[in-house]
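# Coordinates in review
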Amino acid sequence: MESRVSAGELARLGVTVRIPTTLRAYTDGQDEVLLEGTDLAALLRRLDDAFPGIRERVVDETGAPRRYVNLFVNDELVREPLPAVHLSAGDVVHILPSVAGGSLA
Amino acid sequence: MPSVKKDSAVVLVGTKKGGFIFHSPDRRRWSVQGPYCAGMPVYHMILDPRDGRTVYAVAPNPGEVWGPGLYRGRLGSGLALSKAAPKFKEGSGLALTRIWHLEPGLPDSPDTLYAGVEPAALFRSDDRGDSWDGFDALNHRPGRENWQPGFGGLCAHSVLVGPRDPRHLVVGISSVGTFESRDGGESWTTENGNVRAGFLPNPYPETGQCIHHLTWDSAGDGSIFHQNHCGTYHRGPQGGAWTEITKGLPSDFGFAIAADPLHARTAYVAPLVGGENRVPPKSQLAVWKTTNAGRTWRRFTQGLPGPAAYMGVLREAMATDAKDPVGVYLGTNTGQLYASRNEGESWKAMSVTLPPILSVSAGIAR
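Residues numbered from 1 in each chain as written. Chains lettered and ligands numbered in written order. Predicted model: local features only at pLDDT ≥ 70, side-chain atom pairs only at ≥ 80, totals over all residues. Heavy atoms only, no water.

## Section: the layout of surface pockets
Residue and element names in this part refer to chain B. Size it by volume and the second largest pocket reaches roughly 1,300 Å³. Lining the second largest pocket we find 43 residues, and of these Pro49, Glu103, Pro104, Pro261 and Ala362 sit closest to its centre. Counting residues per element, the ones that place at least two in the lining of the second largest pocket are β4 (44-47), β8 (98-104), β12 (155-161), β16 (211-216), β20 (253-259), β24 (318-320) and β28 (357-364). For the lining of the second largest pocket, the element with the highest residue contribution is β28, accounting for 5 residues. Grouping the constituent residues of the lining of the second largest pocket by class yields 23 nonpolar, 12 polar and 8 charged. (1 Å grid on protein atoms, 1.4 Å probe; cavity = no way out; pocket = protein on both sides within 12 Å on 5 of 7 lines; lining within 4 Å. Points joined across faces, edges and corners; volume = space filled by probe spheres on them. Helix = DSSP H or I, 4+ residues; strand = E, 2+ residues; numbered from the N terminus. Nonpolar A, V, L, I, M, F, W, Y, C, P; charged D, E, K, R; others polar.)

Right, dumping it as structure tokens:
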């Protein structure tokens, strides 16, 4: 199940969050969802309101992204604390696991 | 896939690439189910002794990156994530990275589970793992800022619940030491008397000991067996200082220790050369057994690999069942699983092609 929206709707409605395959069990299979949020921390709380449990997969108890989770806003890797990452309608947030090449696992 | 017959021995194996469940009515021919949590490290997997049917496992949730998870299911069927994993309170500055050990509560509290985690802390669930509460008096104990991790991390890996009194709790933390509570976790004492920490300037500090594994002595009187980075120990029913029982063993280093559930003062260890060379002495994998709380030891090698055996045995990778004679199970970090159905006298390989083995537990199906 997908919920794609047009570019015009995105700009008007809010921020798109792209959901990685392994977390789509939380979103009933949706690969992207549209939410309102003025910063990245607030956006993840909104995401969790809609899909309980998903936020804890992305950030730990300190509110920081888990060690091997990367967040992008549009094409930019997020390096700042999440409350400091301001969002605007039309932004696209990507939640991506790190590639683990070279691991002893 | 054959179903698991009542009264079968069940051996649950957590590996670096999933969990496997071996079962056998006679402990001669084994069937295997799995992998569960395929591709993921399963740090611990247990059969609930209170019903002989519920399986719990701990593994990442899902994949390696999304945090720890508790999985639950019935023997012979799949495992599913519980509603929640343990977690620290936001604002505590602590973030849970791994669940190391699951310990069931007593028979009169069938929904209770304890979890030892990294960074070192103890949690309890009273709804089979759907919600958790931390033991704040331990988890946020003053002085925690001075706790130092062992090579495996700052982890609470051993959790003992008093068989007659669930208010009696014992926790092993690397490399901090043993903590004990007799009031259900409201208060804790350090219990490291006479335990060496040979890697520190003061070899007998109050804390800083590198506990590798703790297990109740089946005497049921509060006695404990203890494998440490620096020796093997036993503590009697009155508590207090430990008695070092390394004499008679080929080294003072090892990870695994398993008590015999039917015979008091009886335990099994798998010594390794030392902290800098974690392989069997003389390149012969061997299990050593005491029947007198460590006054003497016997070495068993029949059926175990060597010479030229260079594997290790991790802290959670040896277990006993409660059949008579007692079965003993041993997993290696090179993926070999061995069983003895005569209390350690001789061994047979159950599998030699598993991924590296992180944990072994055993139970009886009901």
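## Focus: the pairing of strand β2 (residues 18-24) of chain B
Residue and element names in this part refer to chain B. Of all 7 residues that make up β2, 7 are buried, and the element is covered over most of its length. Alternating residues of β2 divide into Gly18, Phe20, Phe22 and Ser24 and Gly19, Ile21 and His23, and every residue in both groups is buried. Bridge count between strand β1 (residues 9-15) and β2: 7 bridges; the pairing is antiparallel. In the sheet register, Thr15 faces β2, and the bridge partner there is Gly18. Remark: 2 residues form the turn of the hairpin made by β1 and β2, two consecutive strands paired antiparallel. Pairing analysis gives 4 bridges linking β2 to strand β3 (residues 31-36), with the strands arranged antiparallel. Bridge pairing links Gly19 to Tyr36 in β3. (Buried < 20%, exposed > 50% of the residue type's maximum accessible area, 1.4 Å probe, protein only. Pairing = 2+ DSSP bridges.)

## Observations concerning the sheet that holds β2 of chain B
Residues and elements named next belong to chain B. Strand order in the open sheet formed by 4 strands is β3-β2-β1-β28, and the pairing between neighbours is antiparallel. At either end of the open sheet lies a strand with only one pairing partner, and these are β3 and β28. Here the average twist between neighbouring strands, direction ignored, is 15°. Sheet analysis places β1 next to β28, joined by 7 bridges and oriented antiparallel. Across the sheet, residue Val11 finds its bridge partner in β28, namely Ala362. (Axes fitted to C-alpha atoms, helices over the stretch in contact; angles between N-to-C directions.)

By themselves, these observations are geometric and do not establish any function.
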